[in-house]
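Listed below are the residues making up each chain.
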Amino acid sequence: TPRTMFAATHSAALSAKQCQFNSNTISAKRMSVAPVAGRSTLEVVAKKKWEKQAMTKNGLPVRIPMHVKTNDKVIVIAGADKGKVTNVVEVFTKTGEVLCKDVNIKTKHIKPRGEGETGQIIQREFPIAHSNVMHYSEAQSVRSRIGTKMVDGKKKRVLKKTGEVLAN
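These numbers come from a predicted model, not from an experiment.

Caption draft 1: Quick look at the pairing of strand β7 (residues 97–100). By the bridge criterion, four bridges tie strand β6 (residues 85–92) to β7 in an arrangement that is antiparallel. Paired with Val91 across the bridge in β7 is Val98. The antiparallel hairpin formed by β6 and β7 contains four residues in its connecting segment, where Gly96 sits at a positive phi of about 75°. Note: β7 against strand β10 (residues 128–129), two bridges, orientation antiparallel. Following the sheet pairing, Glu97 is matched in β10 by Ala129.

Right, here's the structure in full:
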C-alpha cells in the first residue's frame, strides 16, 4: 500500500519528522530537532504533551543539556520581554525550556470543573527557550557566558566576563 511504501522509503526522514497517517492522506508534521552534546545522532523533542517523547536506548526520556539552573540570575535576550532581569524558577530538561519569574506572562482561561464552580481568567508565566536567556551579573550589570573553574578542589560555575563564582 502507499502508506507502507512511504514509511519504508522515508525511514531516514522519520527521525526528524513525525508521520501522522489519516484515513486517506499522509501528512508529516515537523518537530524541533535538537543536537545533543557527545552524540552523533539528532534527537527529536516533542513540543506538545500528546506527542511522543524521544527515548534513549534505556527507555528514559532524552534530556537536553542546559547552561542555566534553578535560582540563576538571568537576563532575557530575545522575545517580548527582552532586557528583563529575572530569576529562573524551574528548568524543563525534556523540552529545553525555563520558567522565569515575571517573564512571558499570558492570560489563561480555566473552565469550571465541578458543579456550581465558576470559570477563571488568570495570568501566569509560561516557559521560554533556554537559548533566550543569559546569565547576568548584578554586581557589574553585565551579561555573560558561563565557564567552569576549580575552586578549593571543586568544579564551580563562573561567569566568563567577570570571573564571578555562581552559588550552585
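Caption draft 2: Representation of the nonpolar core. With nine residues, the main nonpolar core is built from Val68, Val74, Val76, Val88, Val98, Cys100, Val103, Ile128 and Val133. Residues in contact with Val74, not counting those within four places in the same chain, are Val68, Lys84, Val85, Thr86, Val88, Cys100, Val133, Met134, His135 and Tyr136.

Caption draft 3: Main features of the environment of Thr70. Tracing the sequence through the fold places Thr70 in the loop between β4 (42–45) and β5 (73–76). On the basis of relative accessible area, Thr70 is assigned to the partly exposed category, the value being 32%. Distance from Thr70 to Val91, taken between C-alpha atoms, is 6.3 Å for residues 21 residues apart in sequence. For Thr70, the residues in contact, after removing those within four places along its chain, are Val88, Val89, Glu90, Val91 and Asn168.

What counts, and at which threshold
Residues numbered from 1 in each chain as written. Predicted model: local features only at pLDDT ≥ 70, side-chain atom pairs only at ≥ 80, totals over all residues. Heavy atoms only, no water. Pairing = 2+ DSSP bridges. Helix = DSSP H or I, 4+ residues; strand = E, 2+ residues; numbered from the N terminus. Core = buried A, V, L, I, M, F, W, Y, C linked by side-chain atoms within 4.5 Å. Buried < 20%, exposed > 50% of the residue type's maximum accessible area, 1.4 Å probe, protein only. Contact = heavy atoms within 4.5 Å.

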